[in-house]
Amino acid sequence: MTQSSLVLDSLPMDKNSALYQSVRSHYLFSGLDEEDFERLAAEMKVVDLDQGEVLFHRGDPADSFYYVDTGLVELSLIAATGDKKTLEVVNPGRTFGEAVTFMREVKFPVTAEGLQQSKLCEIPNRAFLDMLRTNRDACMRLLADLSRHLHARVREIENLSVQNARHRLSSYLIDHITDARDGDQATARLSCRVMSSHRGCRSSPRRCPGCCAASRTKASSRSRIASYSSTALPGCGLTTNE
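Residues numbered from 1 in each chain as written. Predicted model: local features only at pLDDT ≥ 70, side-chain atom pairs only at ≥ 80, totals over all residues. Heavy atoms only, no water.

1. Structural notes on the packing of aromatic side chains
How two aromatic rings sit relative to each other is set out by the distance from centre to centre and by the angle between their planes.
Here's step 1: Within the structure shown, the criterion is met by eight aromatic pairs.
Here's step 2: Grouping aromatic residues by their ring pairs yields a cluster made of Y20, F29, F37, F65 and F128. (Phe/Tyr/Trp six-rings, centres within 6.5 Å; stacked < 30°, edge-to-face > 60°.)

This is the structure we're talking about:
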């Protein structure tokens, strides 16, 4: 499903909903006074995205950016060889696509797909730009957001250039810890496809037992990685380290 067809299924955001309050608390909007935010929120839409459903493809017109309320959204590129590269997995409470608003060619540079059943808030670029022209604080918050994305991309380039597959996976898991229990170990859950992309595996996840076995792993604050499976992970040069 493309972005244009999703618009037909989107609904205006209810001011009394939990989603409204969640978007309101995001730092891109928390500095706005109530009148400015209400005017912007009147233009926002709620979008439900199924697991495996494509929100937009690379090259589609970028008329909006998105806030993730629940679920996970994968941003990816397809190489000329047909291989998929996962650039980022967007977690709840974060936005994506806002930088495209300022590009000369206003088209999405990546493909966005639901990794889980997700609820998004669609924010029109036009309404957001109108607000930025009259709100200096909102401009500074957006610059901070873009700087964060730039820093993340520079760090990813460094990881790809210097680190091997094992270290890339370690860094990625530590960045995506979701459940820290005793301060020493934490849990991160990712799909096989995301794992294989960040490990630098050229095989499809189905053909690489290492990627499937590592799709449910533990990562500690000491950068150790241990699979719940006791099987070694030779497919991508990574073995379990208890």
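2. Overview of the sheet that holds strand β3 (residues 54–56)
Here's step 1: The antiparallel open sheet is built from four strands, whose spatial order is β3-β8-β5-β6. Of all the strands in the sheet, the pair left with one neighbour each is β3 and β6 (84–90). Sheet twist, expressed as the average angle between the axes of neighbouring strands with direction ignored, equals 30 degrees.
Here's step 2: Sheet analysis places strand β5 (residues 73–78) next to β6, joined by six bridges and oriented antiparallel. Bridging across to β6, L77 finds its partner in K85. (Pairing = 2+ DSSP bridges. Helix = DSSP H or I, 4+ residues; strand = E, 2+ residues; numbered from the N terminus. Axes fitted to C-alpha atoms, helices over the stretch in contact; angles between N-to-C directions.)

3. Concerning the side chain of T86
Here's step 1: Take T86: it is sitting in strand β6.
Here's step 2: For T86, the side chain forms a polar contact with the side chain of E74, separated by 2.8 Å. (Polar contact = N/O pair within 3.5 Å; in protein donor to acceptor, adjacent residues only side chain to side chain.)

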